[in-house]
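Now for the letters of each chain:
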Amino acid sequence: MCGIIGYIGSRKASEVLTEGLKRLEYRGYDSVGIAVLNDKKLEIRKDVGMIEDVSTTLQFTNIEGNIGIGHSRWATHGVVCKENAHPHFNTRKTIVAVHNGVIENFTKLKNDLIEKGHEFTTDTDSELIPHLVEENAKSQSLLKAFMKSVRQLEGSYAIVALSTEDKEERIFLARKNSPLVIGVGKGEMFCASDIPAMLKYTKTFVPLQEGDLAVLTKHGYKVYSVDGSETTRKQITVDWNIEMAQKCGYPHFMLKEIFDQKHFINESLAADVDSAKSIIDEYEKIDIIACGTSYHAGLLLSYLLSEKGKISQAFIASDYPFIAKPNEKTLIIAISQSGETADVLQALRYAEKSRKIAITNTVGSTITRISDSIIYLNTGPEVGVAATKTFTAQLAVIYKLIYGKKKLAELPKLIELMLKLENQIKKIAVKLAGKEHAFFIARGKNVPIAYEGSLKFKEITYIHSEAYPGGELKHGTLSLITDGVPLIALAPKDDTIPKLFGNIKEAKARGAMIVGLTNDEDVKKESNFVIELPEIDPILYPFALIIPLQLLAYHVSVLKGINPDRPRNLAKSVTVE
Ligand code: F6R
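Residues numbered from 1 in each chain as written. Predicted model: local features only at pLDDT ≥ 70, side-chain atom pairs only at ≥ 80, totals over all residues. Heavy atoms only, no water.

Chemist: I'd like a description of the overall build of the protein, backed by residues and values.
Modeler: Helix and strand counts for the protein stand at 18 helices and 25 strands. For the protein, whose C-alpha radius of gyration is 25 Å, the value lies close to the compact-globule estimate of 25 Å for 577 residues. With respect to the principal axes defined by its C-alpha atoms, the protein has extents near 80 × 50 × 45 Å. Taken across its 577 residues, the protein has 63% of its residues classed as buried. Summing over all exposed atoms, the protein offers an accessible surface of approximately 21,900 Å²; the carbon and sulfur share of this is 49%. Charged side chains in the protein number 72 positive and 71 negative. The centres of these two groups are separated by 2 Å. (Helix = DSSP H or I, 4+ residues; strand = E, 2+ residues; numbered from the N terminus. Rg over C-alpha atoms; globule rule 2.2 N^0.38 Å. Buried < 20%, exposed > 50% of the residue type's maximum accessible area, 1.4 Å probe, protein only. Areas by Shrake-Rupley, 256 points an atom, 1.4 Å probe, with all protein chains shown as cover. Lys, Arg positive; Asp, Glu negative; His and termini not counted. Charge placed at Lys NZ, Arg CZ, Asp CG, Glu CD.)

Given below as structure tokens:
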């Protein structure tokens, strides 16, 4: 989490950093800061708040200079306050650094530095980095001191640092278990946690690998392995454009990304699944690992694989090492839109003996390097914290994998049709905005969509919400269903309807306010509000269901005055375990 950016070149660094931080804010938005080197002096400005406000109040772009670094924070060590915001610096303000990750041995390193006379002013683990580099630079060159410091760190990090005492003008980089990408320009170089922050300036990137160190100058870059030897890393070119990372007239990224689905679905359906398909054919036992929204897509995949006769189970990635014993006979399918989720990566490393397929949206991400076969979602960058288009894209590639593309010919039209329901959904959102609880029910293959609808709803509306297979209500939760409690029933006319209808009636009898996503006449009669589903091939119902649920969560969030793009306490890319 946390967004990092660095620039060296001839542009006004403060402008590049401010612009980049706006694109990175989805990674963390507790506090924000930049440091720019000008005339051998550092100008550091930082504070608590969003980039838009802090950069205006502190007049970030007034700072002159062509080299700088910036950071948007998601707190791990230390409360959210101005001092704990990055960049951090040594007492003499000669070395400045930004850090994403967690330094596990920071107490020992900090105590050693205090004994040597270093004074600390923050509660963060990150502050020790500039002090450590300063200490090590007493006996060796700055580059060697930086390398030694990085080798002393345990834990996860993406670090970007620079010094006023550097004879050359350079930016130093290091990464381990936190993403960091170099952006290659002409006479200028960039680095950032994620590609969208640099898209305005370049389309050529070098994703750093685990343990890599790098040095940027105006004219180029050098990458070093952990042991300090120079190495080469592959350059990639992306065909994303800057519009993909902008709101383009929509009030929020989330709404834009929901509507993006009608354009990108064709790209996702064009994804190359052939190699993954033939690998799947070789295995009988398939474990799926993922988190959050991606886990819901994984759950559906496990149902579809089981239907094909495979022994398949979806696991929450963070728990996988506690409950599974994968071996050479187990195939792992890891799903992660970012490709950088720490819980997923550690589960993949745990499954060291198994062959691995990754489903991701992010070219060059860590997951792509530790997997044997990759399916890309091809859905452009997703900026809103709540995953929307990437979930639909995950479903699309999963369906292509299982059913083949022919079965999905009607999908683009279906998505357009469901998006047209927005005005009707807005009216239902008004009825839900004042509620304290909501329950989502479904059965069979629609259950993962109920889980996903409920997650989307709670994370951006702050309304408590839970989802169940309909049959589970009577085993406990029904005691919470009283007058006016919303029950959102995913009730398409498929094999699940007879049983689900019974569950809806049970809830209705206890006063529930039923929102029926349905095309069944009986369910419509029981529903207080109906979101009409079209008559389609039943295998496509998950797609028809998820789009209204995304729109519903979005509109309730907006009605409650919440920014759906930046829900509290969350960040887009979860790079800590
Ligand atoms: C919820 C959401 C998260 C992510 C989860 C995994 O809207 O976006 O639950 O799905 O953090 O992220 P990835 O897919 O990047 O591994």
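Chemist: So what about the pattern of salt bridges? Which residues, and what values?
Modeler: As enumerated under the stated definition, the model contains 31 salt bridges in all. Where D166 meets R170, a salt bridge forms, and the shortest distance between an N and an O atom there is 2.8 Å. Per residue, the accessibility class of D166 equals that of R170, and both read buried. When salt bridges with common partners are traced through the structure, they connect R175, E210, E340 and R349 into a single cluster. (Salt bridge = Lys/Arg side-chain N within 4 Å of Asp/Glu carboxyl O.)

Chemist: A description of the packing of aromatic side chains should follow, citing residues and the corresponding values.
Modeler: Note on aromatic pairs: each is described by the distance of the centres and the angle between the planes. Tallying each qualifying case throughout the model produces nine aromatic pairs. Ring plane angle 40 degrees and centroid distance 5.4 Å describe the contact between F146 and F172, whose orientation is recorded as tilted. Of this pair, F146 sits in helix α5 (residues 142-152) while F172 sits in strand β8 (residues 171-176); the two residues are 26 residues apart in sequence, bridging distant segments of the chain. Each member of the pair F146 and F172 is classed as buried. For the pair Y399 and Y403, a centre-to-centre distance of 5.3 Å together with 50 degrees between the ring planes defines the contact as tilted. (Phe/Tyr/Trp six-rings, centres within 6.5 Å; stacked < 30°, edge-to-face > 60°.)

Chemist: For helix α18 (residues 541-559), give the residues involved together with the corresponding values.
Modeler: Taking 1.5 Å per residue, 19 residues should reach 27 Å; α18 reaches 28 Å between its end C-alpha atoms and fits that length. Where burial is concerned, most of α18 is hidden: 17 out of the 19 residues are buried. G561 sits one or two positions beyond α18 and adopts a positive phi of about 75 degrees. (Expected span 1.5 Å × (residues − 1).)

Chemist: Residue-level account of the side chain of K356, with values.
Modeler: Note that K356 resides in strand β19 (residues 355-360). For the buried K356, no salt bridge is present, and the opposite-charge side chain at shortest range is D372, 5.3 Å distant. The residues touching K356, leaving out its near neighbours within four places in the chain, are L331, I332, L348, A351, I370, S371, D372 and S373. (Contact = heavy atoms within 4.5 Å.)

Chemist: Requested: an account of the site of the ligand, with residues and values cited.
Modeler: Of all residues adjacent to the ligand, which total 15 residues, the nearest are S294, S336, S338, T341 and E459. Separating an oxygen atom of the ligand from a backbone N or O atom of V385 is a distance of 3.5 Å. With the chains in place, 90% of the 400 Å² that the ligand exposes on its own is no longer accessible. At the level of elements, α8 (292-307) and α15 (447-461) are the ones that each hand at least two residues to the shell around the ligand. Its residues assigned to classes, the shell around the ligand shows six nonpolar, seven polar and two charged. (Near = heavy atom within 4 Å. Polar contact = N/O pair within 3.5 Å; in protein donor to acceptor, adjacent residues only side chain to side chain. Nonpolar A, V, L, I, M, F, W, Y, C, P; charged D, E, K, R; others polar.)

Chemist: How would you sum up the environment of T237? Please name residues and give values.
Modeler: Inspection of the secondary structure assignment puts T237 in strand β15 (residues 236-237). On the basis of relative accessible area, T237 is assigned to the exposed category, the value being 63%. Every residue in contact with T237, bar those within four places of it in the chain, is listed here: K203 and T204.

Chemist: Give me the sheet that holds strand β22 (residues 464-469): which residues, what numbers.
Modeler: As summarised here, the arrangement of the five strands in space is β22-β21-β23-β24-β25, forming an open sheet in which the pairing is parallel. For this open sheet the edge positions go to β22 and β25 (529-532), each flanked by a neighbour on one side alone. Each neighbouring strand pair of the sheet contributes to a mean axis angle of 15 degrees, computed without reference to strand direction. The strands touched by α18 within the sheet are β21 (437-442), β23 (486-491), β24 (513-518) and β25, with β23 carrying the most contacts at an inclination of about 155 degrees. (Pairing = 2+ DSSP bridges. Axes fitted to C-alpha atoms, helices over the stretch in contact; angles between N-to-C directions.)

Read these as layout, nothing more, since geometry by itself doesn't imply function.
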